[in-house]
Amino acid sequence: MIKFSDVTKSFGSINALNKISFEVKSGEFVFLTGSSGAGKTTILKMILREILPDSGEVLFDDVDIVKLADKEVPRLRQQMGIVFQDFKVLPERTVSENVEVALAVSNVPDNEWDTRVHHVLKLVGLDKRAQLFPSQLSGGELQRVSLARALVINPKLILADEPTGNLDWKTAEGIMDLLEKINKEGKTIIMATHHEGIIKHGKHRIIHLDDGQVIK
Amino acid sequence: MSIHTKTAIEAIKRSPFQAISAIFVLSLTFFVATMVAVLVYSSGRALSYFETRPQIISFLKDDATPETVAGLEDKLGKDTRIKDLKYVSKEEALEIYKKATSDNPLLAELVSPSIFPASLEFSVIDLKLAETVISEVKNEAIVEQVGFTANIGGEKSLSDVVSRLKTASLYLRLGGIVFVSVLATTSFLVLLVIISMRMTTRKGEVEILSLIGATPSFVRSPIILEALIYSLVGVLIGWTFAIIFWLYASPSIISYFGQIPVIPKDALTFFGLFFIILAIELVAGITISLIGSLIAVGRSLKKIR
């Protein structure tokens, strides 16, 4: 599903990625690990085509996303669900509206919205919080809103950038259980984390990065 | 309600003072634009009235016979300097008088056709020729007196009246265009500033939307809708105040100008004129808001992406 071939990226004199190559198959759950600045977020941003590599190839379903025209980028992103460390929920919209936005962005007919939003909020355990605003939710709940928004569009791939970084251990475990459950339903997940406990939580493949290179 | 409309309305509710400023400036612009449009229409109508009405009226002596009248009519008809020649009998003159005094029928009842002179009415192809033609017609044996529309306003010659009207009309149009352009530019800039501010406050939201796959048109839509709402409300408020003014003032204006049709006297034409102005203003308002919001959003999106 995702294939990096000899990808290099520099920010000024700093080599963020140095000729890295790896592959993630459909249905896999892969941890991207490494210390801060190892290049985890850069990889996720490249998959989202937020940044472009200096050289190399990034394939998504055999399409080189580096060569995609700008106007095709939204279509690419609509096939992915993304979960951020800082949640990135829309503060002036309710929980259900935050989830609906993803459906609107993906042009899902609005007669399907209620059913899909209710289903996904129930899955993440927020069905009773649907009408609350983000300011009325805890960190763990906000992360579940972010996850619900990623899931509601039924994406091929879920990218999670340190989704447990701002959460206590118990809440983080809850989020991990949810991600495991989603993965078992066939979704591909790439999760960046440096949280040892989380990595041990599930026995998944690990792509360990150090100084912009894949170590294992 | 679509998600974009909902977002636009919520944005307006969240920043009511920005919305009030935009709507106030746009209302003022379109109020002045409506007033100027009606004034331009009125000046055009007044000019057309003076240009198209019979410019010269030669009143005939009571002893003029049909043969002598026909002779003069034939002579004037052949004169290439003269156009729109028309004979007005005593009875027709009474009808004209009745029409002119229709608000006081008693005046018409007190007179008979015999007191009105028959006349030959005509215009000249060039107003510069008017004085020469008038002096020639005055010398005709059956002509009692020659009148010309220049008498209105005490001008020395008819060409003075029309040229003064033309000058006034030109200045009104030019002044109106300049004034409305200044106001329209101000509205445009205010919209630009407000939409840019909106984009700045929505920067985080736009980034999130972009990351989850929103197309530029998805991001633009609520902002453009918001600008359209400001414009449409501004046009409607400005136009409504202007039509209320003209409805209130029109009886006095019609009475003051008498026969000169500066504003339509019948309701259908009056409202027709205002609805045409409204339609043009709606198009102008939509254009201003579309261009303003597209520029502001385009600049902000470039910075964000």
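Residues numbered from 1 in each chain as written. Chains lettered and ligands numbered in written order. Predicted model: local features only at pLDDT ≥ 70, side-chain atom pairs only at ≥ 80, totals over all residues. Heavy atoms only, no water.

The subject of this paragraph is the overall build of chain A. What chain A contains, in helices and strands, is seven helices and ten strands. A compact globule built from 216 residues should have a C-alpha radius of gyration of about 17 Å, and chain A, at 17 Å, falls within 12% of that. Each principal axis of the C-alpha atoms in chain A carries an extent, and together these give about 45 × 40 × 30 Å. The buried share of chain A, reckoned over its 216 residues, is 55%. Counting only contacts in chain A whose residues sit at least 6 apart along the sequence, the fraction spanning at least 24 positions is 72%. As presented, chain A carries roughly 9,900 Å² of accessible surface, and 47% of it is formed by carbon and sulfur atoms. Across chain A, the 28 positively charged side chains and the 30 negatively charged ones have centroids separated by 2 Å. (Helix = DSSP H or I, 4+ residues; strand = E, 2+ residues; numbered from the N terminus. Rg over C-alpha atoms; globule rule 2.2 N^0.38 Å. Buried < 20%, exposed > 50% of the residue type's maximum accessible area, 1.4 Å probe, protein only. Contact = heavy atoms within 4.5 Å. Areas by Shrake-Rupley, 256 points an atom, 1.4 Å probe, with all protein chains shown as cover. Lys, Arg positive; Asp, Glu negative; His and termini not counted. Charge placed at Lys NZ, Arg CZ, Asp CG, Glu CD.)

One finds I2(A) and F4(A) to be the most contacted residues of the largest nonpolar core, which totals 121 residues. Looking at which element gives the most residues to this core, the answer is helix 9 (residues 216-257) of chain B, with twelve residues. Not counting residues within four places of it along the chain, the set of residues in contact with F4(A) comprises I20(A), S21(A), F22(A), I43(A), M46(A), I47(A), E57(A) and V58(A). By size, the runner-up hydrophobic cluster in this structure holds 18 residues, among which are L60(B), A64(B), L76(B) and V143(B). (Core = buried A, V, L, I, M, F, W, Y, C linked by side-chain atoms within 4.5 Å.)

Residue and element names in this part refer to chain B. A grouping of L232, I286, L290, I291, L294 and I295 is seen on the molecular surface, where their side chains present a nonpolar patch of about 430 Å² in accessible area. Of all the elements, helix 10 (residues 267-304) adds the most residues to the nonpolar patch, at five residues. If you trace the backbone, I286 turns up in helix 10. (Patch = residues over 30% accessible without salt bridge, like charges linked within 9 Å, V, L, I, M, F, W, Y side chains within 5 Å. Salt bridge = Lys/Arg side-chain N within 4 Å of Asp/Glu carboxyl O.)

Here we come to the pattern of salt bridges. All names here are of chain A. Throughout the structure, instances matching the rule amount to 19 salt bridges over all chains. With its nearest N and O atoms 3.7 Å apart, the salt bridge here joins D54 to K9. One end of the pair, D54, is in the loop between helix 1 (40-47) and strand 4 (55-60); the other, K9, is in strand 1 (residues 2-11), and 45 residues separate them in sequence. A relative accessible area of 12% means that K9 is categorised as buried.

Moving on: the sheet that holds strand 2 (residues 14-24) of chain A. All names here are of chain A. Pairing within the open sheet is antiparallel, and its four strands lie in the order 2-1-4-5. Unpaired on one side and paired on the other, strand 2 and strand 5 (63-64) mark the two borders of the sheet. Lying on the sheet, helix 1 is in contact with strand 1 and strand 2; it crosses strand 1 at an angle near 115°. (Pairing = 2+ DSSP bridges. Axes fitted to C-alpha atoms, helices over the stretch in contact; angles between N-to-C directions.)

In this complex, chain A contributes 19 residues to the contact, which on the side of chain B involves 15 residues. Carbon and sulfur atoms supply 65% of the area that chain A and chain B bury against each other, a total of about 1,600 Å² over both sides. Looking only at chain A, the three residues that lose the most surface to chain B are R77(A), R93(A) and V105(A), adding up to 30% of its buried area. Counting the contacts that link chain A with chain B gives three salt bridges. A salt bridge links R93(A) to E205(B); the shortest N-O distance between them is 3.4 Å. At the junction of chain A with chain B, the criterion picks out six residue pairs in polar contact (both at pLDDT 80 or more). For the side of chain A that touches chain B, the residue count by class is eleven nonpolar, one polar and seven charged. (Buried area = accessible area lost by both parts, 1.4 Å probe. Polar contact = N/O pair within 3.5 Å; in protein donor to acceptor, adjacent residues only side chain to side chain. Nonpolar A, V, L, I, M, F, W, Y, C, P; charged D, E, K, R; others polar.)

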